[in-house]
Every structure is written in C-alpha cells, then in structure tokens.
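# Chain and residue survey
For reference, the chains in residue letters:
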Amino acid sequence: MTNLQDPQDSPAPPAPQDPPGAEDAPGDPGPAAPPPGCPAHADPSYAGPALLYGERYLRNPAESYERMRRDHGQVAPVLLESDVPAWLVLGYREIRQVVTDVQTYGRDSRRWNRWDEVPSDWPLMPWVAHSPMIHFTEGDEHRRRSAAVSDALASVDPFELRRHCERFADSLIDKFVGSGKADLVFDYVYSVPALAMGQMFGLPEDQLEYMAEAVTVSLLSNDEAMAAQQRAAEVVQRLVAAKREEPGPDVTSRFIQNSPDLTDEQLVGDLMVMIAAGMPATSYWIGNTVRLMLTDDRFTMTLAGNRRSIGEAMNEVLWADSPLQNVIGRFATRDTTLGGQRIRAGDLLVLGLAAANADPLLWPDAGAGYAGNNAYVSFTGGDYGCPAGAPDLGKIISETAIEVLLDRVPDLELAVEPDELQWMDSLWYRCLVSLPVTFTPAPAAGP
C-alpha cells in the first residue's frame, strides 16, 4: 500500500509483559522456562512458543496445530517470521469469542505493543502496518465502510458472473486440452478467478495477470512482499482514477459512488482489501478442491458429472484444508484472559482459522463427516468478517471453474504422487505451488 504509516511513529502503550516463554526462545522451538508468576504455566515441562513459519510448520501445519494445542491449550504463544511474538488462537470457541467481542479485540494495529521488535523489512508488514485500509478501521467508521463494500458487491449479477466464468474457463481449457497434460495452478486455477475479478471490478484485461501476480506475492512470507503490494496498489490507483472519469457497470464504480466521503487513498485501500481477499482465496479454494478430488477415493470415483460431489468437496476443503489458514489479526484493547492465557493490552492475536476448524472439542466423533455442516470459520466472522455476499461470489467462481474443468476433462489424473506436491510459503494461505495432471487429449471447444 502506498504511503504506509511508519509503525515506529504509531502511538502504543508501554510494552507489557511478554507472552509466556517468548522472551526465552527466539528462533528456538524447544522448551523454554515458564515465565515467573504465570499460574497457567506453573508446570516445569511447559513448552516454549511455537514457530509459525519454517519448513516444519509448512510441511504439515495440521500436525503443528495439534502439537501447539497439546503443549499450550486453545491459545498458544507463537513466534512469527523474524521471531516476533504473538498469540495463535486455536480453539473454535475462542475464535468465536474474539471475532464477536470487538470491544476487547480491535483491528487498529497501532496499539500493538511489539512494534519496537519488528524489523523494517518484516515480510508480514504489508498487511499489518497501519494504513487507510478498511482492514484497520473500527466502530462506526468500519460499519459505514463495510456497508459500502457489501452494497458494491451486491451489484454483481450472480447469473451473469457464472456465464462469464464459464466463458473464461472454456477459453483457458482450450489452450491446453489438446496436449494431454497441464499444470492446473499455472494454466487454470489462478486465471479463472483473476479474469472473473477483473470483470467484476472493471480492471483492464492487460493488467489482470500483473495484478494477480502482485497480490499473490504480497501475501507470501518473503522480502518481496512489500514491493509487490506497492505494485498492486499502483494498478488500483489507476483504476480509481479511470472510474472517477468514466464510471461503468462494475464494483469499483459502484463503490466510488457509494463512498463520496472517502479519499482516493482510502478508496484504493478498501479496493485492495476486496481484491486481495477475493482473488487468492478463490484460486486456492479451486486448487485445494481439485487436489482433494484427485487424491481422495471418496471423490475420484465420481469426478465425471456428479455435481453433488463437487459441492461436498468444496465444503470439506473449507473445513479440513481451508485456503485461508490464519488471519492477522486482532489487538487486545485491555488486559484479559482467553483460553486460560493472560492477554495483555496491545498483544497481537492471530486467528488460527484452520486450527479452529479442526478443534477436537468440535468433533468428538472423529468419524463424523462434513456434509451439510457450514459452521466453519474459514471466512472469519463478526463485524470484521468477510463482507456480506463475498463468500457467495467466491463460491460461484470456484464451483463454475471446477464444473467446467470436469465436464471438459473428465479423466484427470495427478501426474505425481500426492506427497510430492509442494505448498506455498505463506502464513495466510494454504495453496499448492503446482498441480500437474494428465488426461486424454481432446479438441478445443472454440469460440
């Protein structure tokens, strides 16, 4: 985001006591001594904060969440990239408590009490440093801007969106269907949502690939994230300027019309949040669902023509392999307790959405299925959750992309062993680096 406020200049309360064990284990995932006077950790076997980054975490995040829950309970002290301390909320009930109690857990990152420990080139900085984005607003201002976002998204005709997605999907499949092989991540999974979002927001077609790449990189845990966010913001700045001069039947124009009091910087920030929240998450929803259907016997037998299996697979992914894994976050407005842990004013809480969906207290019957159960927290919730209508639009794009793919290429097979698939290095998202497949070559459908 352009002109991000320097977090070092942001007002913050005096630094409170560290989260338990954080000060004793920078870079060390092993046990640490319990902090003095902490009744929750009086046991000398208390484990230190877990690393929420690195190969061990990325290789199997579900296993990492299990270990954190075993060591610390439903709220665990963790170290983010560069060993920055925070809390990870693992419990389903605790997630619900945090997202609904906006008086205790706010969104304004300027109250974070750890800014003096954050390096200036921190990979997570683009989406944590305070800026004019709706992401950091609270109270009446947030409700007003959130209502404008929801109203703009409501202007999208779902039937027209589906028709566009079918057209985009067919066009993309035509490019590889004759070869008998493809990498669905590069050839399809990213492109359908990018084209659909471009249509919705009125982005010029020649900017779609550039925008999708910039947004994706901005959400990775590497030193290119900040520059990538800047590139994406420049595209949106040009878009806002163009739609001010010549409005069209798109979300951007509707949002500008509904928000006469917002500055261009605020408009750009809010549109950035909408696009960054929608484009990658929808892509990864498609990718993770196709992977599930190619690797799980319950779905591989019904790839061709079984619409019910697509819906069930998409629902299961939101529960068991959520595209959005973690959200930063919430910042405590006062001293409190959560999940047996002492939370200090200014502490950062990371919402562990994937961990909460797998909370064993939520699933006492390990054999219970997910069919018909939509109580997942994959879209967060409360006043700061996904705006009304956004999940439905993402579902239309994802479902249409998968349906057209399986209609056109019903005999898809994974070209590598499932355990050879690699996952992207991201705290936020669970997504594949590639998804190579083979199939019987077929003729292009044409215009």
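You'll find the structure just up there.
In short, a report on the structure. (Residues numbered from 1 in each chain as written. Predicted model: local features only at pLDDT ≥ 70, side-chain atom pairs only at ≥ 80, totals over all residues. Heavy atoms only, no water.)

Moving on to the overall build of the protein chain. Each helix and strand counted, the protein chain has 15 helices and 11 strands in total. For the protein chain, the exposed area adds up to about 18800 Å²; of that, 50% sits on carbon and sulfur atoms. (Helix = DSSP H or I, 4+ residues; strand = E, 2+ residues; numbered from the N terminus. Areas by Shrake-Rupley, 256 points an atom, 1.4 Å probe, with all protein chains shown as cover.)

This part takes up unusual backbone geometry. With an omega dihedral of -25 degrees, the bond running from Ile 328 to Gly 329 counts as a cis peptide bond. With respect to the helices and strands, the residue Gly 329 is situated in strand E6 (residues 326–332). Positive phi is not limited to glycine here, since Ser 82 has a value of about 70 degrees. Examined against the element boundaries, Ser 82 turns out to sit in the loop between strand E2 (75–80) and strand E3 (84–89). According to the relative accessible area criterion, Ser 82 is partly exposed, its value standing at 39%. A positive phi is found at Thr 380, a non-glycine position, where the angle reads about 55 degrees. (Buried < 20%, exposed > 50% of the residue type's maximum accessible area, 1.4 Å probe, protein only.)

A separate point is helix H11 (residues 264–295). Between its terminal C-alpha atoms H11 stretches 46 Å, which fits the 46 Å expected from 32 residues at 1.5 Å a residue. For H11, the buried fraction is high: 28 of the 32 residues fall into the buried class. (Expected span 1.5 Å × (residues − 1).)

Before going further, it helps to spend a moment on the pattern of salt bridges. Inspection of every chain in the model, using the stated rule, returns 20 salt bridges. In this structure, Arg 145 and Glu 141 form a salt bridge, with 2.7 Å as the shortest nitrogen-oxygen distance. Of the two residues, Arg 145 and Glu 141 both sit in helix H4 (residues 139–154), four residues apart, roughly one turn of that helix. Overall, the relative accessible area of 30% leaves Glu 141 in the partly exposed class. Here Asp 151 and Arg 254 are joined by a salt bridge, their closest N and O atoms 3.2 Å apart. Placement of the pair is Asp 151 in helix H4 and Arg 254 in helix H10 (residues 251–258), with a sequence separation of 103 residues. Its relative accessible area of 31% is what places Asp 151 among the partly exposed residues. (Salt bridge = Lys/Arg side-chain N within 4 Å of Asp/Glu carboxyl O.)

Turning our eyes to something else, we now look at helix H2 (residues 61–72). Helix length check: H2, at 12 residues, gives a terminal C-alpha distance of 16 Å against a target of 16 Å (1.5 Å per residue), a fit within 8%. All of the buried residues along H2 are Pro 61, Ser 64, Tyr 65, Arg 67, Met 68, Arg 69 and His 72. Following H2 by one or two positions, Gly 73 adopts a phi angle in the positive range, close to 95 degrees.

On to the side chain of Arg 69. Of note, Arg 69 is situated in helix H2. Within the structure, the side chain of Arg 69 is placed 2.9 Å from the backbone oxygen of Ala 355, a separation counted as a polar contact. Filtering out sequence-adjacent residues up to four positions away, Arg 69 remains in contact with Gln 74, Leu 90, Gly 91, Ala 355, Ala 358, Asp 359 and Pro 360. (Polar contact = N/O pair within 3.5 Å; in protein donor to acceptor, adjacent residues only side chain to side chain. Contact = heavy atoms within 4.5 Å.)

For the structure on display, the rule yields 12 aromatic pairs. With a centroid separation of 5.7 Å and 35 degrees between ring planes, the pair formed by Trp 112 and Trp 122 is classed as tilted. Pair noted here: Trp 112 is in the loop between strand E4 (105–106) and H4 and Trp 122 is in the loop between E4 and H4, with a separation of 10 residues, a long-range link. For Trp 122, a relative accessible area of 2% translates into the label buried. Here Tyr 190 and Tyr 284 contribute two aromatic rings whose centre-to-centre distance is 6.0 Å and whose plane-to-plane angle is 80 degrees, an arrangement assigned as edge-to-face. Here Tyr 190, found in the loop between helix H6 (184–189) and helix H7 (191–201), pairs with Tyr 284, found in helix H11; they are 94 residues apart in sequence, far enough to count as distant. (Phe/Tyr/Trp six-rings, centres within 6.5 Å; stacked < 30°, edge-to-face > 60°.)

What describes two packed helices is the angle between their axes and the distance between those same axes. For the pair H7 and H11, the least separation of the axes is 9 Å and the interaxial angle reads 150 degrees. Taken together, the axes of H7 and H11 lie roughly antiparallel to each other. As for how H7 packs across H11, the hand of that crossing is right-handed. Counting all contacts with H7, which are made through Pro 193, Ala 194, Met 197 and Phe 201, the residues of H11 involved are Leu 271, Met 274, Ile 275, Gly 278, Met 279, Thr 282, Ser 283 and Ile 286. Across the contact of H7 with H11, the residue classes tally to nine nonpolar, three polar and no charged. (Axes fitted to C-alpha atoms, helices over the stretch in contact; angles between N-to-C directions. Parallel < 35°, antiparallel > 145°, perpendicular 65-115°, else oblique. Left-handed = near helix turned anticlockwise from the far one by under 90°. Nonpolar A, V, L, I, M, F, W, Y, C, P; charged D, E, K, R; others polar.)

Buried together is how nonpolar side chains tend to be arranged in soluble globular proteins. Counting 138 residues, the largest nonpolar core has Leu 52, Leu 80, Leu 184 and Tyr 188 as its most contacted members. Considering each element in turn, this core owes the most residues, 17 residues, to H11. (Core = buried A, V, L, I, M, F, W, Y, C linked by side-chain atoms within 4.5 Å.)

Locating Thr 380 in the fold gives a position in the loop between helix H14 (353–357) and helix H15 (390–408). Assessed through its relative accessible area of 14%, Thr 380 is described here as buried.

Across the sheet, which stays open at both edges, the three strands sit in the order E5-E11-E10 with antiparallel pairing between neighbours. Edge positions in the sheet fall to strand E5 (181–183) and strand E10 (413–414), since each has one partner strand and no second. Pairing geometry for E10 and strand E11 (residues 436–438), over two bridges, is antiparallel. The partner of Glu 413 across the bridge, within E11, is Thr 438. (Pairing = 2+ DSSP bridges.)

Time to look at the sheet that holds E4. Taken in spatial order, the six strands line up as E1-E2-E3-E9-E6-E4 in an open sheet, and their pairing is mixed. Pairing within the sheet leaves two strands with one partner each, and these edge strands are strand E1 (50–51) and E4. The sheet contact formed by E6 and strand E9 (residues 348–352) spans five bridges and is antiparallel. Among the inter-strand pairings, Asn 326 is bridged to a residue of E9, identified as Gly 352. Lying on the sheet, H2 is in contact with E1, E2, E3 and E6; it crosses E2 at an angle near 125 degrees. Here helix H3 (residues 92–100) sits on the sheet in contact with E2, E3, E4, E6 and E9, set at roughly 125 degrees to E9.

With that settled, consider the packing of helix H5 (residues 158–176) against H7. As a packed pair, H5 and H7 sit with axes 9 Å apart at the nearest point and diverge in direction by 140 degrees. Here H7 runs oblique to H5, going by the angle between their axes. Every pair of crossing elements has a handedness; the one defined by H5 and H7 is right-handed. Between H5 and H7, the residues in contact are Leu 161, His 164, Cys 165, Arg 167, Phe 168, Ala 169 and Leu 172 and Ser 191, Val 192, Leu 195, Ala 196, Gln 199 and Met 200, respectively. Residue classes in the contact of H5 with H7 are distributed as nine nonpolar, three polar and one charged.

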